[in-house]
Protein chains: 2
Amino acid sequence: MKGYAIGIDYGTNSCRSLLVDLSDGRELGSKVFPYPSGEAGILTDPADPNVARQNPQDYIDGLVDTITGAISQAKAADSNFNVEKVVGIGVDTTGSTVIPVDASGTPLALDKKFQGNLNAHVWLWKDHTAHAEAAAITEKAAELRPEYLAKCGGTYSSEWWWSKIWRLQKIDPEVFVAAHSFVEHCDYIPALLTGNTDPGALKRGVCSAGHKAMYNAGWGGLPDKEFLTKLDPALADLRDRLFDVAVPANQLAGGLTEKWASKLGLKPGTAVAVGAFDAHMGAVGAGIKEGTLVKILGTSTCDCMVTPNKRELPDIPGLCGIVDGSILPGYYGLEAGQSAVGDIFLWFVNNFVPDSYGETIDEKFANMEAKLAAMKPGATGLLALDWNNGNRTILVDVQLSGLILGQTLHTEAHEIYRALIEATAFGALTIIKRIEDYGVPVNEVINTGGLAVKNETLMQIYADILGKPLKVSASEQTCALGAALFGAAASGRLTLEDAQAKCCQVRERVYEPISENQVIYERLYALYRTLHDAFGTSGWDGRLDRVMKDLIAIRAETRLSS
Amino acid sequence: MKGYAIGIDYGTNSCRSLLVDLSDGRELGSKVFPYPSGEAGILTDPADPNVARQNPQDYIDGLVDTITGAISQAKAADSNFNVEKVVGIGVDTTGSTVIPVDASGTPLALDKKFQGNLNAHVWLWKDHTAHAEAAAITEKAAELRPEYLAKCGGTYSSEWWWSKIWRLQKIDPEVFVAAHSFVEHCDYIPALLTGNTDPGALKRGVCSAGHKAMYNAGWGGLPDKEFLTKLDPALADLRDRLFDVAVPANQLAGGLTEKWASKLGLKPGTAVAVGAFDAHMGAVGAGIKEGTLVKILGTSTCDCMVTPNKRELPDIPGLCGIVDGSILPGYYGLEAGQSAVGDIFLWFVNNFVPDSYGETIDEKFANMEAKLAAMKPGATGLLALDWNNGNRTILVDVQLSGLILGQTLHTEAHEIYRALIEATAFGALTIIKRIEDYGVPVNEVINTGGLAVKNETLMQIYADILGKPLKVSASEQTCALGAALFGAAASGRLTLEDAQAKCCQVRERVYEPISENQVIYERLYALYRTLHDAFGTSGWDGRLDRVMKDLIAIRAETRLSS
């Protein structure tokens, strides 16, 4: 029997819907809603560049606009489309994006009293005001609860749940006291749609809880009160008003209320799935399964893997997170990532590529890619570290920075660009090696994101460096697609696995590693790894005097063989 | 009594004359003669980019054109000028620039038979075809005569005398056999002017002999036959047709011949000084004396120091040369240098500075300098190594390359430019520290060359990093001025010291170190030195994990204090 599902993907600046035919993954409708508040949806504070807040009303308005829009499109696109057959809704959001709510679960920012107060608004993932709190949490956990850190890469971030809540408690006690509880954005939307916003009762997703709130069923859920008291008694107090259990996103948050069904033009009782983060649902939309790493290749990357939760899995140092059920139910979800990839290329093209390569950014990229596509690995004689925005995985250190070496008086911009692409690929390989070193084999990589679709030169370099076949997801909206699949699974009509099998496709072109390039890149990676360990770890005890000479030797061999 | 002298400075692409009033250094006439042969005076081989030869006829034509031109200008400029009162002529040239000559001392290339053969022409300093021979000489000397290497930085260069002669012997035996002997360009011109070209009798300068031909009175002149035989018996054989003694450039090469006096419009018998290299005569023209380092700040640098030859001087590892009398008679001449300085800035501006900084190279430099002049030391968070063209002093290693680290996603072009300026200054400081570590104190630095005159921002950064007052030579033609002073000294009319005292002036503006900047640069230099030793030496055994973090800490402090 025919069925459809709707996914809603809440990004940083806008949200988008996707209406999918569950028999084949056909995308019948999709609408984008740019958040109207602030600057591109972000409420900022001129006095502090770390502040990034959002207006929860934007989320609510976006829900109506994008879903009704997608339904209209589907009706126009396919006369056989029947809105009655929409069986489920799934939701993904950014995170940790934390909403202070009152006892009814209503965001404080919707209360007139707090409309002018940024602290009562949503604390967006990229709000970095809580760095001192993050450092204090890391320090205390390292001392008292090292197991907490072991599951989140060894360092608790200013972007995460407890840092933000603690910061609010310190800087704005009035709002903190007014906040009966706190809800992740991805949990709030399903709660709203199902009329179950009571903070003590609403369904919490294990994805956000496990990756950002140090939730783990193994140690009894959220951090214990004794530990929280050591941070601040107010946090220990709050624990009772948060939650005890968090569940995977294929579970049902509830059925669509009459009110929301009428607003959206859907059937009351339509299944609404528990929410999760965009990257994780994106991994599902891209077709993640055991052995397949899904990489979202954008301004930064997010790398997702799953491994069965029936097997023993050791802590993997340096991964951003290991959470049972956070990506697929029945599997540990592993999350890693690089803090800048496309952003490094944009930084370079915007600041260092002369107009001789073209007048626009796109022309500059295209001309550089044409030039470097003709070069062999090693021909630049260059090596770079991809740390312009720190290192998220495996070093988890924001105090690292970029490095380029091997320049002569003849080095040109497209050569540096190639070295930067290679550096990001070496960074990606470092993540894969770390995962494999701990017993989780990576057989193939499915890529999503702008770079994967647009940059064939980059994709071939990545294949040569990673030494794995690289596929590209057919959908350009894998996050929303994944959300829709969770909606379908929550309806009980089919399993998540079946939904993936029917709806997740890859493009025809697969990037296979070229063995002669692999041989050179193995040598270059050894040099990269030397630099990586020398500058990035405190235990390194090696030598660097061969690095420049080896690069010259590799360059000379490459030129001879051309 | 009034007196004048003429200096002729043979550069890479042209030669120039300078006619100087010896009572006050006033420059009465100067003419440039671009070499007409080849590409900007250089004969190249499309099949081998290492080939760089010159036509000796260009030197002869330039002699006439530039000297007669300067005399005409002097007459026009000053009605009191009397050409009869030109007492001496001095000559400086590039080197090691080696001329194969026949038994009469005539360059083979002037013989019709060899006019089409590049190997019979002058082997210009920057000819790099003899790298294999240089490596073999270094290896053999390290094994058998380490004292030879100790005086020339530990590595014999492909740019130097024996490498080139040996290369010729290997690749073109016909020319090698036809060459009765070989003469440095700087020795050939005085020989020509004084009618004394007999290779066995012409005066050889100790500057070229000592710095490039491993000549040292202490070990009996040129390398001994036993050693040369180990390289090739043909070189040992040649030794008898070279020279036994080399002398400082304040000595008389001879008197101007009737023929040349008439060609040039000077008195027959006018004193002609022994020749020397451009940088060394430039140091004299800039006013070198004990305690004063003269730095020629151009595309590369040459750093010259003198220290009395009455004192014991240990070998100083990594200096390009230590030669008794090579700069000033009675002093050891110490030569060091950086293989790229202005060339690094040109490479950067030509390849990596977007047009938003300006349409032309000059505009780009000017705008970058305006921006970085407003920054404090440490504010970029960047650190670079100045090795894009290898390292000449103190590492003497062509297989080193450039490095930049500390980049974020916000780093801009002018910040990299500042880091590159700082890197070259740190390289300069490393040279000074090495010289001082071996007991030769540097009290002040006199700078010459385009950058010293044009770039005030750079000069202040240099003063802050070197921690010494930086002066700038008043003359923009210090090489030709120095040559003229040697001509004057050779006439016996006054000593070289007196001539310097009368003619060498510095500009009014002295760049004094700013102490608050010095404090920051001392910390940055420690980091530079860590990178320098880590990548440039084989004995290093340290740690790098603090480098990026310390740069971030310094940047943060700098911003706080702004």
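Per-chain numbering applies: the sequence of each chain, read as written, is numbered from 1 onward. Written order determines the labels here, with chains lettered from A and ligands numbered from 1. Reporting of local features is limited, given that this is a predicted model, to residues whose pLDDT is at least 70; pairs of side-chain atoms are given and counted only at 80 or more, and all residues count toward the totals for whole chains, interfaces and linings. Water and hydrogen atoms play no part in the side-chain values, which are based on all heavy atoms of the structure.

Let us now look at the relation of the copies chain B and chain A. Relative to chain A, chain B is turned by 180° and slid 0.1 Å along the rotation axis, the superposed coordinates differing by an RMSD of 0.1 Å. Classification of the inter-copy transformation places it as that of a two-fold axis. Most of the interface of chain B is mirrored in chain A: 100% of its interface residues are interface residues there too. Overlaid copies result from least-squares superposition on C-alpha atoms, with residues included only where pLDDT is at least 70 in both. Every residue pair with non-hydrogen atoms within 4.5 Å of one another is taken to be in contact.

A separate point is the packing of aromatic side chains. Centres within 6.5 Å are what make two rings of Phe, Tyr or Trp a pair, Trp counting through its six-membered ring; a difference in plane orientation under 30 degrees is then read as stacked, over 60 as edge-to-face, and the rest as tilted. Inspection of every chain in the model, using the stated rule, returns 38 aromatic pairs over all chains. Ring geometry for tyrosine 148 of chain B versus tryptophan 219 of chain B: centroids 4.9 Å apart, planes at 45°, classification tilted. In this pair, tyrosine 148 of chain B is assigned in helix α3 (residues 146-150) and tryptophan 219 of chain B in the loop between α7 (206-212) and α8 (225-231), connecting sequence segments 71 residues apart. An aromatic cluster is built from Trp347, Phe348 and Phe352 of chain A together with Trp347, Phe348 and Phe352 of chain B, whose rings are joined through pairwise contacts. Charge-over-ring placement is defined geometrically: NZ (Lys) or CZ (Arg) within 6 Å of the ring centre, and within 35 degrees of the ring normal. Here lysine 263 of chain B stacks its cationic end above the ring of tryptophan 260 of chain B, 4.3 Å away from the centre of that ring. Runs of E in the DSSP output that reach at least two residues are strands. Runs of H or I that reach at least four are helices, and both are numbered from the N terminus.

Looking now at the pairing of strand β8 (residues 98-101) of chain B. Residues and elements named next belong to chain B. We call a residue buried when its accessible area falls under 20% of the maximum for its residue type, exposed when it is over 50%, and partly exposed in between, using a 1.4 Å probe and counting protein chains only. Every second residue of β8 is oriented toward a common face, with Val98 and Pro100 on one face and Ile99 and Val101 on the other, all of them buried. Two strands pair under a simple rule: DSSP has to find at least two bridges between them. Pairing between β8 and strand β10 (residues 181-184): four bridges, direction antiparallel. Paired with valine 101 across the bridge in β10 is serine 181.

So, about the pattern of salt bridges. Residue and element names in this part refer to chain A. Only one rule defines a salt bridge in this text: a Lys or Arg side-chain nitrogen within 4 Å of an Asp or Glu carboxyl oxygen. Scanning the entire structure with this criterion turns up 54 salt bridges over all chains. Residue glutamate 290 pairs with arginine 311 through a salt bridge whose shortest N-O separation is 3.5 Å. With glutamate 290 in the loop between α11 (278-285) and β14 (292-297) and arginine 311 in the loop between β15 (301-308) and β16 (321-324), this pair connects stretches of sequence that are 21 residues apart. For arginine 311, a relative accessible area of 41% corresponds to the partly exposed category. Among the charged side chains, a network of salt bridges with common partners joins Lys2, Asp21, Asp24, Arg26 and Asp78.

Moving on, we get to unusual backbone geometry. Omega for the peptide link from glycine 95 of chain A to serine 96 of chain A comes to 0°, which places this bond in the cis form. Relative to the assigned elements, serine 96 of chain A resides in the loop between β7 (86-93) and β8 (98-101). The omega torsion across threonine 393 of chain B and isoleucine 394 of chain B is 10°, close enough to zero to call that bond cis. Secondary-structure assignment places isoleucine 394 of chain B in the loop between β18 (383-385) and β19 (402-407). Of note in the backbone geometry, alanine 40 of chain A takes a positive phi value of approximately 50° without being a glycine. One non-glycine residue with positive phi stands out, namely valine 396 of chain B, at about 50°. The residue valine 396 of chain B is located in the loop between β18 and β19 in this model. Residue classification places valine 396 of chain B among the partly exposed residues on the basis of a relative accessible area of 23%.

Take helix α13 (residues 361-373) of chain B next. Across its 13 residues, α13 of chain B extends 18 Å between first and last C-alpha, which sits within 8% of the 18 Å expected from 1.5 Å per residue. Buried residues along α13 of chain B sit in contact with α12 (342-352), α14 (413-437) and α16 (456-466) of chain B. Working rule for helices: expected span equals 1.5 Å times residues minus one.

In helix packing, the relevant descriptors are the interaxial angle and the interaxial distance, both defined with respect to the helix axes. Residue and element names in this part refer to chain A. The geometry of helix α19 (residues 515-536) relative to helix α20 (residues 547-560) is characterised by a closest axis approach of 11 Å and an angle of 165° between their N-to-C directions. Judged on the interaxial angle alone, α20 and α19 are roughly antiparallel. Here α19 and α20 pass one another in a crossing that is left-handed. Here Ile520, Arg523, Leu524, Leu527, Thr530 and Leu531 of α19 lie close against α20, whose contacting residues are Val547, Asp550, Leu551, Ile554, Glu557 and Thr558. Each residue gets one label: Ala, Val, Leu, Ile, Met, Phe, Trp, Tyr, Cys and Pro are nonpolar, Asp, Glu, Lys and Arg are charged, and the others, such as Gly, are polar. When grouped by side-chain class, the residues that make up the contact of α19 with α20 number seven nonpolar, two polar and three charged. Inter-axis angles, ranging from 0 to 180 degrees, are taken between N-to-C directions of lines fitted to C-alpha atoms, where helices are fitted over the stretch in contact. Angle categories: roughly parallel below 35 degrees, roughly antiparallel above 145, roughly perpendicular from 65 to 115, and oblique for all the rest. Put simply, a crossing is left-handed when the front helix is turned counterclockwise from the back one by less than a right angle, and right-handed when it is turned clockwise.

Looking now at the sheet that holds strand β20 (residues 444-448) of chain A. Residue and element names in this part refer to chain A. Strand order in the open sheet formed by six strands is β16-β17-β15-β14-β20-β21, with mixed pairing between adjacent strands. Only two strands of the sheet have a single neighbouring strand rather than two, namely β16 and β21 (470-472). The average angle at which neighbouring strand axes cross in this sheet is 25°, direction not considered. Note that β20 and β21 share three bridges and pair parallel. Its bridge partner being in β21, isoleucine 446 is matched across the sheet by lysine 471.

Residue and element names in this part refer to chain A. Criterion for a disulfide: a pair of cysteine sulfur atoms at a distance within 2.5 Å. For the structure shown, the criterion picks out zero disulfides over all chains. Counting only cysteine sulfurs, cysteine 302 is the nearest neighbor of cysteine 320, a cysteine outside any disulfide, at a range of 7.2 Å. The class of cysteine 320 is buried, set by a relative accessible area of 9%. The thiol of cysteine 479 is unpaired, and the distance to the nearest cysteine sulfur, on cysteine 302, comes to 9.0 Å. The class for cysteine 479 is buried, based on a relative accessible area of 16%.

Opposite the 46 residues of chain B that make contact, chain A presents 46 residues. Contact between chain B and chain A buries roughly 3,800 Å² in total, counting both sides, with carbon and sulfur atoms accounting for 58%. Run the count over chain B and chain A and you get two salt bridges. A salt bridge links lysine 549 of chain B to aspartate 397 of chain A, with the nearest nitrogen and oxygen atoms 2.6 Å apart. The term polar contact refers here to a pair of N or O atoms within 3.5 Å; inside protein, the definition further demands a hydrogen-donor-capable atom paired with an acceptor-capable atom, and it admits residues adjacent in sequence only when both atoms are side-chain atoms. Scanning the region where chain B abuts chain A turns up 17 residue pairs in polar contact (both at pLDDT 80 or more). Buried area is a sum: the accessible area each of two parts loses on coming together, probed at 1.4 Å, counted once for each and added.

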